[in-house]
Amino acid sequence: MSKLYIVGIGPGSAEYLTFRAQKVTSSVEVLIGSKRALKLFPEIRAEKIILDSKNMENSFKQAIGEVKRGRSVALLSTGDPGFSGVLKPVLDLSESIEVEVVPGISSIQLCAAKLLIPWDEANLITLHGKGDSSKLLELLDNGKPTMVLPNFNVNETAKYLLNNGVDSHRKVAVCEKLSYTHERIVEMTLSDVLGEDFSYMCVMVIF
Ligand SMILES: C[S@@+](CC[C@H](N)C(=O)[O-])C[C@H]1O[C@@H](n2cnc3c(N)ncnc32)[C@H](O)[C@@H]1O
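Let me sum up the structure you'll find in this document. (Residues numbered from 1 in each chain as written. Predicted model: local features only at pLDDT ≥ 70, side-chain atom pairs only at ≥ 80, totals over all residues.)

1. With respect to the overall build of the protein chain
Secondary structure assignment for the protein chain yields eight helices and ten strands. On C-alpha atoms alone, the protein chain measures out to a radius of gyration of 18 Å, which is about the 17 Å that the 2.2 N^0.38 rule sets for 207 residues. With respect to the principal axes defined by its C-alpha atoms, the protein chain has extents near 55 × 35 × 30 Å. The buried share of the protein chain, reckoned over its 207 residues, is 35%. For the protein chain, the proportion of contacts with a sequence separation of at least 24, taken over those separated by at least 6, is 62%. (Helix = DSSP H or I, 4+ residues; strand = E, 2+ residues; numbered from the N terminus. Rg over C-alpha atoms; globule rule 2.2 N^0.38 Å. Buried ≥ 20, exposed ≤ 12 C-beta atoms within 10 Å, placed from the backbone. Contact = placed C-beta atoms within 7 Å.)

Below you can see the structure in the form of C-alpha cells.
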C-alpha cells in the first residue's frame, strides 16, 4: 500500500532500533536515509536512496513523489522523528498522502537515561539548525535541568551562555555519540567546555 512511513531509528546503534522500525523497513519498497542510517539495514532488499544532506527538502519531495507513484516508502530519521527530526519539515510540505510515524528512541531520552534524569521534569530544547539561542536563556533559571541539542557545536552554545551572563561554574554534562562504541559522557563546569573538543553529535545538559 502506498504510504510514507517516517521511521525513528534511535540514537545510532542497532541495539536501540525498535521491532516496529525493523518490521516496517523490511516491508517497504523504498528506503531513504543518510548513509549512517541506511547502514543499519544491510539485509533489506528495498531500493535504497541516500538522503541529500545539503538539500533535505529535495529528498523529502522525492519520498513524497515515490508515494504518489504508488510505492511504500520509509524515510529514516535519527532518534525520534518528532523531536527536531524529519516529521515537521515533511508535514510543512502539506502533501495529501498517508503518513505514519514510527517512534524511535531520541538522543534526549538516552541522555536522560544515562544521567538518571526523569525527563518529565526537565526543559527540552533544540537549537539544531536554528540561529536563535535566546530561548535557551529563558529556560535556565526555572530550577529544572535543561537538555539541549546544540546548533552543531557544544562549544558555541557554551560561549553563548557565558557571553550572556550565565555563571562559568554552572554544572553541565555533555553526552557525545550516545550508543556508539566511542560514546563519551562528561560532567564539567560551563567554562571547562571551552577547553574540550566535541563532535556535532552531542546532547548538552545544563543543571
Ligand atoms: C537533526 S537532530 C535529530 C535529533 C533526533 N530526532 C533525536 O530525537 O535525537 C541531530 C542532533 O541530535 C543529536 N544526536 C543525535 N544522535 C545523537 C547521539 N547518538 N548522541 C548524541 N547526540 C545525538 C545531536 O545534537 C545531533 O546534532
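2. Concerning the sheet that holds strand β6 (residues 123–126)
The mixed open sheet is built from five strands, whose spatial order is β6-β7-β10-β8-β9. The two strands at the open ends of the sheet, each matched to only one other strand, are β6 and β9 (184–189). In this sheet, adjacent strand axes meet at a mean angle of 20° when their direction is disregarded. Sheet topology places β6 next to strand β7 (residues 146–149); four bridges connect them, and they run parallel. Of the residues in β7, the one forming a bridge with Asn 123 is Thr 146. Contacts from helix α5 (residues 107–114) reach β6, β7, β8 (171–176), β9 and β10 (202–206), with the element oriented near 55° to β10. (Pairing = 2+ DSSP bridges. Axes fitted to C-alpha atoms, helices over the stretch in contact; angles between N-to-C directions.)

3. Regarding the nonpolar core
Counting residues in hydrophobic clusters, the biggest one holds 28 residues, and the most contacted among them are Cys 111, Val 148, Val 203 and Met 204. Of all the secondary-structure elements, those providing two or more residues to this core are α5, β7, α7 (154–163), β8, α8 (190–193) and β10. Counting residues per element, this core draws most heavily on β10, which supplies five residues. The residues that make up this core include at least three from each of domain 1 (3–105) and domain 2 (108–206). When sequence neighbours within four positions are dropped, the list of residues in contact with Cys 111 reads Met 147, Cys 175, Leu 178, Val 203 and Val 205. Grouped together as the second largest cluster of nonpolar side chains are 22 residues, Leu 4, Leu 51, Phe 60 and Val 73 included. (Core = buried A, V, L, I, M, F, W, Y, C linked by C-beta atoms within 7 Å. Domains from an automatic or database assignment.)

4. Let's talk about the pairing of strand β4 (residues 72–77)
Within β4, five of the six residues are buried, leaving the element largely enclosed by the surrounding structure. Here strand β2 (residues 30–33) pairs with β4 via three bridges, running parallel. The residue of β4 that forms the bridge with Leu 31 is Ala 74.

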